[in-house]
Amino acid sequence: MKVTKEKKELSELIRSYQEGDSFLKTPIKTILGRGCKKKIKVDEPCTFNDLESAIQNALSTIVENGEEKPVVIGAIPFDTTRQPALIVPKETLIFDSKSLNKELTVSPCMKGAKRIEQVPSGKTFEKMVQQSVQHIHETTLKKVVLARTLDISSEGKVSVPLLIESLAKSNTKGYTFAINTGDKEVATLVGASPELLIRKSGNTVIANPLAGSRKRTHNKEQDQKLAESLLNSEKDLHEHKVVVDMVCRELKPFFKTIEVPNHPSILYTDSMIHLSTVISGELLNPQISSLTLASALHPTPAVCGEPRREAFQLIQDIEPFDRSFFTGIVGYMEASGDGEWIVTIRCAQVKEQHITVYAGAGIVESSVPQDEKNETGAKFQTMLHAMGIQKEEI
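Residues numbered from 1 in each chain as written. Predicted model: local features only at pLDDT ≥ 70, side-chain atom pairs only at ≥ 80, totals over all residues. Heavy atoms only, no water.

Trainee: Could you clarify how one ought to interpret the nonpolar core in this entry?
Mentor: Among the nonpolar cores identified, the biggest contains 61 residues, and Leu 51, Ile 55, Ile 198 and Trp 341 are the most heavily contacted of them. Not counting the four nearest positions on each side in its chain, Leu 51 is found in contact with Ile 40, Val 42, Ile 76, Pro 84, Leu 86 and Leu 291. Counting 36 residues, the second-largest nonpolar core is a separate cluster that includes Leu 10, Ile 14, Val 158 and Met 387. (Core = buried A, V, L, I, M, F, W, Y, C linked by side-chain atoms within 4.5 Å. Buried < 20%, exposed > 50% of the residue type's maximum accessible area, 1.4 Å probe, protein only. Contact = heavy atoms within 4.5 Å.)

Rendered as structure tokens:
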């Protein structure tokens, strides 16, 4: 691993990205992993304990062979019993956020969309929401997150570096990533997530759950009204509280101290307005790894539901597609256990001329099917805008 504070153009770094590389930009650092020195493999069904052991064994072996501070980077699926896409790169470049000149340009990453197919259709998604509301009414389920996709065919091969640059320019406060999730051939998970699952540095930990949202208009007065409506919405505050309560409940056993704001704040992204709560704490044991903490939280009610097991099963029963890495986690971890793990949302899977874009919405007893469909349509915009596709109603 090479940590550098030398001044560099972020645009230059992104455009040096090559097929199969790993890229992750967070508010505190930017990582470019070139090639693959070691792929992390575990037997299926995977467990987080097996995964952590495999990671630590790989990193320890690399340290013993003389490399200082190796890093594992990649993605873990929504269904954590399935194989992750985690590697130790051949070469890892890490830049402090202050050392990068963030002036970016936007160039088309694709020639144009030949076909856009909704899976499921909007009407089918609304029926899924209604089915879930009924399930919540009749059972102990409090919340479930349902998703839909856009399958897009491009007229030419999609340029991943140009897509990364477009996302990084539009989503300056989020987490931009590009991870090779293919095994025998390259398939790239690309996105700009606003949601930090966990960040660990020494004995300090931060989590930032999001839940409850509105589509951003970029009209200052209108967005202010939308933010105020969020902060006063019984439905959205309830949805948000379910997530925050779960995060606090799962993290408290690890913490010496924990700080939780009494009320959520507002987080703006390029396309959305979110309810946000920043939770911070001090660990009882600094040796606890960021992946252990992430495993206690994933999947949160923000991407799965509450209770977790019941929501997960309902998703498996009624969603007509495989989420794969969508609503999983993406990030990095050092041998010390320090690292950052991000919730894999506002993302797409890219393969040659084909792109699958994902978006989800949290369903509670008071959910209105058309409103939830519209929310997923709004969340698609992060990726669609980055691809140069203007399709606001979808």
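Trainee: What is the right way to read the packing of helix H3 (residues 122-138) against helix H8 (residues 308-318) from this model?
Mentor: Packed helices, taken two at a time, are described by their axes: the angle between them and the distance between them. Two elements in contact, H3 and H8, have axes separated by 12 Å at closest approach and are oriented at 145°. Judged by the sense of rotation from one axis to the other, the crossing of H3 with H8 is right-handed. From H3, Met 128, Gln 131, Ser 132 and His 135 reach across to H8, where they touch Glu 310, Leu 314 and Ile 318. Residue classes in the contact of H3 with H8 are distributed as 3 nonpolar, 3 polar and 1 charged. (Axes fitted to C-alpha atoms, helices over the stretch in contact; angles between N-to-C directions. Helix = DSSP H or I, 4+ residues; strand = E, 2+ residues; numbered from the N terminus. Left-handed = near helix turned anticlockwise from the far one by under 90°. Nonpolar A, V, L, I, M, F, W, Y, C, P; charged D, E, K, R; others polar.)

Trainee: Whenever I open this one, the sheet that holds strand E20 (residues 279-283) confuses me. Can you help?
Mentor: Each strand in a sheet pairs with another by means of backbone hydrogen bonds, the pair being arranged parallel or else antiparallel. Here 9 strands make up an open sheet; going across it, the order is E5-E7-E6-E22-E23-E14-E15-E20-E17 and the pairing antiparallel. Looking at the sheet topology across the chains shown, the edges are occupied by strand E5 (38-39) and strand E17 (255-259). Relative to strand E15 (residues 204-207), strand E14 (residues 196-201) is paired through 3 bridges, and the arrangement is antiparallel. Considered in E15, the bridge of Arg 199 is made with Ile 206. The strands touched by helix H6 (residues 234-251) within the sheet are E14, E15, E17 and E20, with E20 carrying the most contacts at an inclination of about 0°. Taken strand by strand, helix H7 (residues 290-297) contacts strand E6 (71-76), E14, E15, E20, strand E22 (329-334) and strand E23 (339-343), and its axis lies near 155° from that of E14. (Pairing = 2+ DSSP bridges.)

Trainee: Looking at this structure, how should I read the packing of H3 against helix H9 (residues 369-386)?
Mentor: The contact between H3 and H9 brings their axes to 8 Å, and the two run at 125°. Relative to H9, the element H3 is oriented oblique. Between H3 and H9 lies a crossing whose hand is right-handed. In this structure, H3 contributes Gly 122, Phe 125, Glu 126, Val 129 and Gln 130 to the contact, and H9 contributes Pro 369, Gln 370, Glu 372, Lys 373 and Thr 376. A per-class count over the contact of H3 with H9 returns 3 nonpolar, 4 polar and 3 charged. (Parallel < 35°, antiparallel > 145°, perpendicular 65-115°, else oblique.)

Trainee: Can you walk me through H6 in this structure?
Mentor: An α-helical turn contains 3.6 residues, so a residue and the one three or four places further along point in the same direction. Over its 18 residues, H6 extends 26 Å from the first C-alpha to the last, a length consistent with the 26 Å expected when each residue adds 1.5 Å. Among all positions of H6, only Lys 235, Asp 236, Glu 239, His 240, Val 242, Val 243, Val 244, Met 246, Val 247, Cys 248 and Leu 251 are buried. (Expected span 1.5 Å × (residues − 1).)

Trainee: It is not clear to me how unusual backbone geometry should be interpreted in this structure. Could you clarify?
Mentor: It is generally the case that most residues other than glycine have a negative phi and that most peptide bonds are trans. Across the junction of His 298 and Pro 299, the peptide omega takes the value -10°, indicating a cis bond. Note that Pro 299 resides in the loop between H7 and strand E21 (305-306). The step from Glu 306 to Pro 307 runs through a cis peptide bond, and the omega angle for that step is -5°. Mapped onto the secondary structure, Pro 307 falls in the loop between E21 and H8. For Thr 327, which is not glycine, the phi torsion reads 65° and is therefore positive.

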